[in-house]
Amino acid sequence: MALSEDRLRAILAWVVIVLLGGPITTAVLLGVLNGDSPCILCWAERTGMILIALVGLFVIRYGPRPRYLGMAVLLGLWGTFMAIRHSSLHLARDVGQGFSTTILGVHTYVWAWVIYATVLLAIGVLLLFVRRLAPEEGIREPGRAGRFATGLFIVVVAANALQAFASTGPPPYIGQGDPVRLSLNPRHWVWSLEELQPPRISLRGAWAIPAPDPGTADPDPAHGPLADLPTLPVSGWERIGVPLEGHLSGLARDSATGRYLAVTDRWGVYLLDGTLSHVVHRVVLDPGFSVDLTPLAGAAFLGGDTVGILCTNKSYALLMPDPQAQERAEWRHFLSTDGQMKELGLGRFQTVRAHQMYVMSLAFDPSARELVTLSVPNPRHRQLVVSRFARRDMVLSSEFRPSLAVGLTLAGPGRGLADYLVTGATVADGRLYAVSAAYSTLLVLDLQRREVVAAYALPGLAHPVGLAARGPELLVAQADGRIAVVERPEP
């Protein structure tokens, strides 16, 4: 069934009326009646709908020319992206949680997603049935419905412009990520520049978090945030005696067997003997399989034969040596393998206080049967967070921001534990030991009291990436494969 151009214009006029009088007008009314002020992403979604309506008016006036239909499709794709981006910030929240007003139990940013999908569907359906695209010449009267749509467009745009001026302000103000309640009283208008910070280019906008780079950290302990730290001298140096795929990025030691677990930034996992000179088992993880594995940053023995591997994005892999492992079955898990390791599972740690923060260390507390991570502060979240996950189900057990014990003082105003960049951690005798690549410092935390009880300067380190306990000693692994041996401080 073909669709004549006159019928197409009539249908399109009503589509424009529904788009303007439905979601766009409803958004304005929610602001006037409920004070529901749009955030910067809401404005992007609403502006896209208005521009699609404007394209519809051009089609009503000048016919379905390719340039108009192409522009409508591009605007629909842009709006779909903005709606998905907006929804993705909130869809993973807990039951009943979200942002802004709900309609039929669905928040408005999800409705934007539905509206743009419907617009693209409508464009596709109309193109299936239209007889031909209009030539370049030819202007027609819009008809009664078209004239009403044009008038409604002017009114709706004017209302949105007024709301935008009140809630957002003139340039250079661009709106807020968390807007204040809309008011028509100028005394209550809040114009903000917060979304211009930080000035980085990313499709995630201000939610972009830079990847941690310990190589750029200042290694001088004298510049650290804690003042007058005692020095913990290096008593000796050792080295991993086997070639590794990539640079070392994590180290752990099993107190029961004396074996070591080393991981690299090229997704290599090495189970080494007690002399660090023989590879017992080796695999290279597939970083793109099932769970996105960013560079490996931590390793731990989890009891028995199970080992845990942590990535900077808090994804993890659980592995186990198995002489009966079938290399053919494990091919989908590993880029390469010695044929005697199997994957037990992949997953992602979910945090609360450490949300949107990378991690670069992993430890295992055998007494509590919990895995422990320490967050890496970033420009958006300046804090050090210790997160604990139950070994039974790998779910968050507790989180805290450690405090400073009596006797530890900060070097000056504005300094704090967030200045450290922890790249290695281990648990021994109920204490959590953490080494920071920034300022080459060893932090000692009491997990029960949730505080840093001691700190020591570790001069002479270069890019520490891991920490392991060996009896009364601590082994500080460096990216080049060297290992500094220091005496473990008494509790």
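Up top is the structure.
The structure displayed is predicted, hence computed values, not measured ones. (Residues numbered from 1 in each chain as written. Predicted model: local features only at pLDDT ≥ 70, side-chain atom pairs only at ≥ 80, totals over all residues. Heavy atoms only, no water.)

Student: Can you help me understand the nonpolar core in this one?
Tutor: In this structure, Val16, Leu19, Leu20, Ile24 and Met49 are the most contacted members of the largest nonpolar core, which totals 31 residues. The set of elements that each furnish at least two residues to this core consists of α1 (5-34), α2 (40-62), α3 (66-88), α4 (108-129) and α5 (143-167). Core analysis: the second largest hydrophobic core is formed by 28 residues, Phe400, Val427, Leu432 and Ala438 among them. (Core = buried A, V, L, I, M, F, W, Y, C linked by side-chain atoms within 4.5 Å. Buried < 20%, exposed > 50% of the residue type's maximum accessible area, 1.4 Å probe, protein only. Helix = DSSP H or I, 4+ residues; strand = E, 2+ residues; numbered from the N terminus.)

Student: Is there a simple way to think about a nonpolar patch on the surface in this case?
Tutor: On the surface, Met71, Val73, Leu74 and Leu77 cluster together into a nonpolar patch covering about 350 Å² of accessible area. The partly exposed category is assigned to leucine 77, whose relative accessible area is 48%. (Patch = residues over 30% accessible without salt bridge, like charges linked within 9 Å, V, L, I, M, F, W, Y side chains within 5 Å. Areas by Shrake-Rupley, 256 points an atom, 1.4 Å probe, with all protein chains shown as cover. Salt bridge = Lys/Arg side-chain N within 4 Å of Asp/Glu carboxyl O.)

Student: I keep staring at α4 and nothing clicks. Help me out?
Tutor: One turn of an α-helix holds 3.6 residues; hence residues three or four places apart share an orientation. Taking 1.5 Å as the rise per residue, α4 with 22 residues should run 32 Å; its terminal C-alpha atoms sit 32 Å apart, in good agreement. Among all positions of α4, only Tyr109, Val110, Ala112, Ile115, Tyr116, Val119, Ile123 and Leu126 are buried. (Expected span 1.5 Å × (residues − 1).)

Student: Whenever I open this one, the sheet that holds strand β5 (residues 260-264) confuses me. Can you help?
Tutor: Strand order in the open sheet formed by five strands is β4-β5-β6-β7-β11, with antiparallel pairing between adjacent strands. Here the strands that pair on one side only, and so sit at the sheet edges, are β4 (248-253) and β11 (334-337). Each adjacent strand pair in this sheet contributes to an overall mean axis angle of 15 degrees, direction not counted. (Pairing = 2+ DSSP bridges. Axes fitted to C-alpha atoms, helices over the stretch in contact; angles between N-to-C directions.)

Student: Hey, could you run me through the packing of α2 against α4 in this one?
Tutor: What describes two packed helices is the angle between their axes and the distance between those same axes. Viewed as axis vectors pointing N to C, α2 and α4 meet at an angle of 25 degrees, and their least axial separation amounts to 11 Å. For the element pair α2 / α4, the angle class is roughly parallel. Along this stretch, α2 crosses α4, giving a crossing that reads as left-handed. The segment α2 lies against α4, with Ala44, Glu45, Gly48, Met49 and Ile52 engaging Tyr109, Ala112, Ile115, Tyr116 and Val119. (Parallel < 35°, antiparallel > 145°, perpendicular 65-115°, else oblique. Left-handed = near helix turned anticlockwise from the far one by under 90°. Contact = heavy atoms within 4.5 Å.)

Student: Help me understand the packing of α2 against α5, please; the structure alone is not making it clear to me.
Tutor: Where α2 meets α5, the closest approach of the two axes is 11 Å, and the angle between their N-to-C directions is 160 degrees. On the basis of their axis angle, the class for α2 and α5 is roughly antiparallel. Once α2 is placed against α5, the crossing between them reads as left-handed. From α2, Trp43, Arg46, Ile50, Ala53, Leu54, Leu57 and Ile60 reach across to α5, where they touch Gly146, Ala149, Thr150, Phe153, Val157, Asn160, Gln163, Ala164 and Ser167. Here the contact of α2 with α5 is composed, by residue class, of 10 nonpolar, five polar and one charged. (Nonpolar A, V, L, I, M, F, W, Y, C, P; charged D, E, K, R; others polar.)

Student: I tried to follow the sheet that holds strand β19 (residues 422-428) on my own but got confused; where do I start?
Tutor: Two modes of strand pairing occur in sheets, parallel and antiparallel, and in both the strands are linked by backbone hydrogen bonds. Ordered in space as β18-β22-β21-β20-β19, the five strands form an open sheet in which the pairing is mixed. In this open sheet, the two strands that pair with only one neighbour each are β18 (403-404) and β19. Inspection of the sheet shows strand β20 (residues 431-436) paired to strand β21 (residues 441-446) by six bridges, in the antiparallel sense. The residue bridging tyrosine 433 from the neighbouring strand is valine 444, located in β21.

Student: How do you make sense of the pattern of salt bridges when you look at a structure like this?
Tutor: Side-chain pairs of opposite charge can arise whenever the charged atoms involved come near each other. By the definition in use, this model includes 12 salt bridges. Residues arginine 382 and aspartate 419 are paired through a salt bridge, measuring 2.9 Å at the closest nitrogen-oxygen approach. One end of the pair, arginine 382, is in the loop between β15 (370-376) and β16 (386-390); the other, aspartate 419, is in the loop between β18 and β19, and 37 residues separate them in sequence. What makes arginine 382 partly exposed here is its relative accessible area of 47%. With relative accessibility at 16%, the residue aspartate 419 sits in the buried group. Note that arginine 449 is salt-bridged to glutamate 451, the shortest N-O span being 2.2 Å.

Student: How should empty space enclosed by the protein be read in this particular structure?
Tutor: Rolled over the atoms, a probe with the dimensions of a water molecule shows which regions are left empty. For the structure on display, the rule yields two cavities of 30 Å³ or more. Of the volumes computed, that of the largest cavity is approximately 50 Å³. Taken together, 14 residues line the largest cavity, and the ones lying closest to its centre are Leu251, Leu362, Gly424, Ala425 and Gly466. Looking at the lining of the largest cavity, the elements that each hand over two or more residues are β4, β8 (296-301), β19 and β23 (464-470). Here the lining of the largest cavity is composed, by residue class, of eight nonpolar, six polar and no charged. The volume enclosed by the second largest cavity comes to roughly 40 Å³. Lining the second largest cavity we find Ser37, Ala166, Ser167, Val180, Arg181, Leu182, Ser183, His188, Trp189 and Val190. A breakdown of the residues in the lining of the second largest cavity according to their chemical character gives five nonpolar, four polar and one charged. (1 Å grid on protein atoms, 1.4 Å probe; cavity = no way out; pocket = protein on both sides within 12 Å on 5 of 7 lines; lining within 4 Å. Points joined across faces, edges and corners; volume = space filled by probe spheres on them.)

Student: For this particular structure, what's the right way to read unusual backbone geometry?
Tutor: Omega for the bond connecting proline 171 with proline 172 falls within 30 degrees of zero, at 10 degrees, which places this linkage in the cis form. Inspection of the secondary structure puts proline 172 in the loop between α5 and β3 (234-239). Positive phi outside glycine occurs at methionine 394, with the angle close to 60 degrees. In this structure, arginine 450 takes a positive phi of about 60 degrees despite not being glycine. Summarising the element assignment, arginine 450 is placed in the loop between β21 and β22 (451-457).

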